[in-house]
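Understanding the architecture of this molecule
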Amino acid sequence: MGLLRSTATVSSMTLLSRVLGLIRDQVFAIYFPGRAGTDAFLVAFRIPNFFRRLFAEGAFSQAFVPVLTEYRGKRSPEEVQDLINHVCGTLGGVLLAITLLGVAAAPLVITVFAFGFSLYEPDKYQLTVEMLRLTFPYLFFISLVAFAGAVLNSFQRFWVPAFTPVLLNVTLIGAVIFLSPMLEVPVKALAWGVLFAGAVQLAFQWPFLQQLRLLPRPRWGFRHEGVRHIGRLMLPAIFGSSVVQINLLVDTLIASFLATGSVTWLYFSDRMVEFPLGVFGIALATVILPSLSREHAAASAQRFSATLDWALRWVWIIATPATIGLMVLATPILATLFQYGGFTGTDVYMTSLSLMAYALGLPGFILVKVLAPGYFARQDIKTPVRIGIIAMLANMLLNVAFVVPLVMWAFEGPHVGLALATALSSYINAALLWRGLRKQGVYMPLPGWGRLVIKVLVAVTLMMLALLWLGPGAGGIWGSAGVDDWQALAWYERGWQLGASVVIGAAVYLLLLYAMGIRLGQLRTPIK
C-alpha cells in the first residue's frame, strides 16, 4: 500500500474518531454544566492518558516498531512470534504493577499533578481522587491496545488501530447518557466509561492479531534479547517522545491554581487543535515510521531522505491553512460545537483565547510528530530525548514568563499564557529536530521548497482575508455577531454559517494553489 493511500486510510478512520470525539465533548458540555466536575474528571483522565503515551503510544511504539521491523526482515517467523510473546508479557506485567500502584497512591498522585485542588478546593480534590481510582486501570488496557496496534501497523493493517479510538468515544457517550442518571454523582459516569472503554478496545483488536497468526502468548522476558533492546531504546524515549504530554501536565498543575474552569477551557481548546493534529499529523507519523524503518534496514539513504521530504511538504500544505482557520474561526467553531446547556458564552470566550494560542503551535506539533520518526527509525533515541528535555524546560520557563505577568495584571484569562508557552516550545522542539537531521546528513531537502513556501503563503494569506471578510465584525455572513449573538442562533443556523465559511475558505485556498501550479497529485508518493 502506498504511503499516501495508507495515510488517507489512517486519516479517514481518525477523522471518524475525532468527529465522534467532538460529539462526545458536546455531550459533556450539555450534561455537566458545572466546571468543577469536568475539571476533576479531566485531571483524572489526563494522568493515565499521560502514562499511556509515555509507556505505550510514545516511547514503546517508537522503540518497538523499528525492532519488530528488523526482526521481520532478518529473522524467522518463529523468532518474530517469540519477540511478540515476550514483549507482551513483559509490558503487561510492568503496566499491571504501575496500575496497582497508581490506584493505591491516587491521593498522592492528585496532590502532585493538581496541587491547587488539594490546597484550595478539598471537595474537587476528593472527587478527582475517586475518579482517578477508576480511570487509572485504563492505562493497563490501553497500553496493550497500543502494543497490538504497533504490531498491526508493522504489518500494514493501519485501519484497525486508527478505528479503535472510535470505541472510546462511543463508550463515553453511552456512559453519560445511560449511566450518569443512575449515579449519585453523575459526573463519575465518565470515569466508569473510561474503564469500560479500555477493555472494549482491547477486545476489538485481539481478533485481528489472530488473523495474522500473531496472537501473543504472554511470556515474562526481561532477559530476552529483543526485549532488552527495546528496553534500552525505551528508557531515554520515555522523556523524548512525551514532551508535549509533560508540558500539558505542567499546564494542568499551574491551571489548578487559576480560576475554576481553566482546566476545562484548556481541554476544549486543546481538543480543537488535536482534531487536525490527529487527522493529519499523527496519521502521517504512524505511516512513515514503518516505512522509514524499512528504508533504514535496507540502507537506502536516498529514499529515507525523500520520504521525510515528502512528509514535510504535506505538513506545510496542510498545517498552514489549518492554523489560520482555527485562529480566525475560533469563536464560531466553539459556539457552534459547544455553546449549549451548561457551556456558557463566558466559556466560549475563555476557550477561544486559549484556542488561538494553541493554534499558533499546530505546525510545530505536527512537525515534531513527523521529524521524530527520522530518529526513531534509525534507533537513535538519545538525540530527540536531549532535544525534548530542552523544549520541556523552555516550556516551563515560558509558562512562568507568560502566566505570572497575566495574573499580576489581572488579565481575565491567564490560562492563555499556558497555551502560548506550549505552542512556542513546540517550535523549539521542531527546529532542533530538523537541524539535527540536517547536520547528520540524514535529511537533504529536494528542489522546489522555495517556490512551494511562497505559493502556500500567498494562498493562505488570501484565504485568511476571505475568512475575515466573512467573519464576525466584518460585515460578512456573520455581520457583527459576537458570542452573545451566536448564543441566540439555533444550532442549524450556526452550523450552516460555519460550514459555509469553512467550505469557502478551503475552496479559495485550493483554487489558488491550483492556479499557481501546485498539483497535490504530484505529491502522491516519495521517490521510488
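In case you missed it, the structure is sitting above this.
The model shown is predicted, which means the values in this text are computed figures rather than measured ones. (Residues numbered from 1 in each chain as written. Predicted model: local features only at pLDDT ≥ 70, side-chain atom pairs only at ≥ 80, totals over all residues. Heavy atoms only, no water.)

Here we come to the overall build of the protein chain. When its secondary structure is counted, the protein chain shows 23 helices and zero strands. Considering only residue pairs separated by 6 or more positions, the protein chain has 84% of its internal contacts joining residues 24 or more positions apart. Counting only carbon and sulfur atoms, one obtains 69% of the accessible surface of the protein chain, whose full area is about 21400 Å². (Helix = DSSP H or I, 4+ residues; strand = E, 2+ residues; numbered from the N terminus. Contact = heavy atoms within 4.5 Å. Areas by Shrake-Rupley, 256 points an atom, 1.4 Å probe, with all protein chains shown as cover.)

Let's shift gears to the packing of aromatic side chains. Throughout the structure, instances matching the rule amount to twelve aromatic pairs. Here a set of aromatic residues connected by ring pairs shows up, and it is made of Trp-159, Phe-163, Phe-204 and Phe-208. When the ring centre of Phe-155 is taken as origin, the NZ or CZ atom of Arg-72, which lies over that ring, is 3.9 Å away. Sitting above the plane of the Tyr-71 ring, Arg-75 keeps its charged end 4.4 Å from the centroid. (Phe/Tyr/Trp six-rings, centres within 6.5 Å; stacked < 30°, edge-to-face > 60°. Lys NZ or Arg CZ within 6 Å of the ring centre and 35° of its normal.)

The residue Val-400 is located in helix 19 (residues 382-408) in this model. Val-400 gets classed as exposed once you look at its relative accessible area, which sits at 52%. (Buried < 20%, exposed > 50% of the residue type's maximum accessible area, 1.4 Å probe, protein only.)

What follows covers helix 10 (residues 188-211). Its 24 residues place the ends of helix 10 37 Å apart at the C-alpha level, agreeing with the 34 Å of an ideal helix rising 1.5 Å per residue. Positive backbone phi, at 60 degrees, marks Arg-213, one or two positions downstream of helix 10. (Expected span 1.5 Å × (residues − 1).)

A separate point is unusual backbone geometry. In this structure, Arg-213 is a non-glycine residue whose phi angle is positive, near 60 degrees. Mapped onto the elements, Arg-213 comes out in the loop between helix 10 and helix 11 (225-240). Residue Arg-213 is classed as exposed on the basis of its relative accessible area of 74%.

Turning next to the pattern of salt bridges. Following the criterion strictly, the structure yields nine salt bridges and no others. One salt bridge connects Arg-24 with Asp-25, and the closest N-O pair in it is separated by 3.5 Å. Each of the two residues, Arg-24 as well as Asp-25, counts as buried. A salt bridge links Glu-121 to Lys-124; the nearest nitrogen and oxygen atoms lie 3.3 Å apart. (Salt bridge = Lys/Arg side-chain N within 4 Å of Asp/Glu carboxyl O.)

Regions of empty space are outlined by a rolling probe, equal in size to a water molecule, passed over the atoms. Of the pockets and cavities examined, the largest pocket occupies roughly 1100 Å³. Around the largest pocket sit 34 residues that line it, and Phe-275, Pro-276, Ala-322, Val-502 and Ala-506 are the ones nearest its centre. Broken down by secondary-structure element, the contributors of at least two residues to the lining of the largest pocket are helix 1 (3-31), helix 13 (262-297), helix 14 (301-328), helix 15 (330-338), helix 21 (449-470) and helix 23 (491-515). No other element matches helix 14, which puts eight residues into the lining of the largest pocket. The class makeup of the residues in the lining of the largest pocket is 28 nonpolar, six polar and no charged. (1 Å grid on protein atoms, 1.4 Å probe; cavity = no way out; pocket = protein on both sides within 12 Å on 5 of 7 lines; lining within 4 Å. Points joined across faces, edges and corners; volume = space filled by probe spheres on them. Nonpolar A, V, L, I, M, F, W, Y, C, P; charged D, E, K, R; others polar.)

Further remarks concern the nonpolar core. Judged by nonpolar contacts, the single largest core of 147 residues is most densely connected at Ile-47, Phe-64, Phe-147 and Val-151. The element that contributes the greatest number of residues to this core is helix 2 (residues 35-74), accounting for 16 residues. Beyond its immediate stretch of four places on either side in the chain, Phe-64 contacts Leu-83, Val-87, Phe-147, Ala-150, Val-151 and Ile-230. (Core = buried A, V, L, I, M, F, W, Y, C linked by side-chain atoms within 4.5 Å.)

This paragraph deals with a positive patch on the surface. Taken together, the side chains of Arg-72, Arg-157, Arg-294 and Arg-303 define a basic patch exposed on the protein surface. Within the secondary structure layout, Arg-157 lies in the loop between helix 7 (138-154) and helix 8 (159-163). Judged by its relative accessible area of 39%, Arg-157 falls in the partly exposed class. (Patch = residues over 30% accessible without salt bridge, like charges linked within 9 Å, V, L, I, M, F, W, Y side chains within 5 Å. Lys, Arg positive; Asp, Glu negative; His and termini not counted. Charge placed at Lys NZ, Arg CZ, Asp CG, Glu CD.)

A separate point is the packing of helix 14 against helix 17 (residues 362-371). The N-to-C vectors of helix 14 and helix 17 enclose an angle of 160 degrees; their axes lie 9 Å apart at closest approach. In terms of orientation, helix 14 and helix 17 fall into the roughly antiparallel class. The crossing of helix 14 and helix 17 is right-handed. Along the contact surface, helix 14 presents Leu-308, Ala-311, Leu-312, Val-315, Ala-319, Ala-322, Thr-323 and Leu-326, while helix 17 presents Leu-362, Pro-363, Ile-366, Leu-367, Val-370 and Leu-371. Residues of the contact of helix 14 with helix 17, tallied by class, amount to 13 nonpolar, one polar and no charged. (Axes fitted to C-alpha atoms, helices over the stretch in contact; angles between N-to-C directions. Parallel < 35°, antiparallel > 145°, perpendicular 65-115°, else oblique. Left-handed = near helix turned anticlockwise from the far one by under 90°.)

Turning next to the environment of Leu-289. Here Leu-289 shows up in helix 13. Discounting chain neighbours no more than four positions away, the residues touching Leu-289 are Ser-61, Gln-62, Val-65, Pro-373, Phe-376 and Ala-377.

This brings us to helix 20 (residues 415-439). Between its first and last C-alpha, helix 20 extends 37 Å over 25 residues, near the 36 Å set by a 1.5 Å rise per residue. Backbone geometry just after helix 20 places Gly-441 at a positive phi near 75 degrees.

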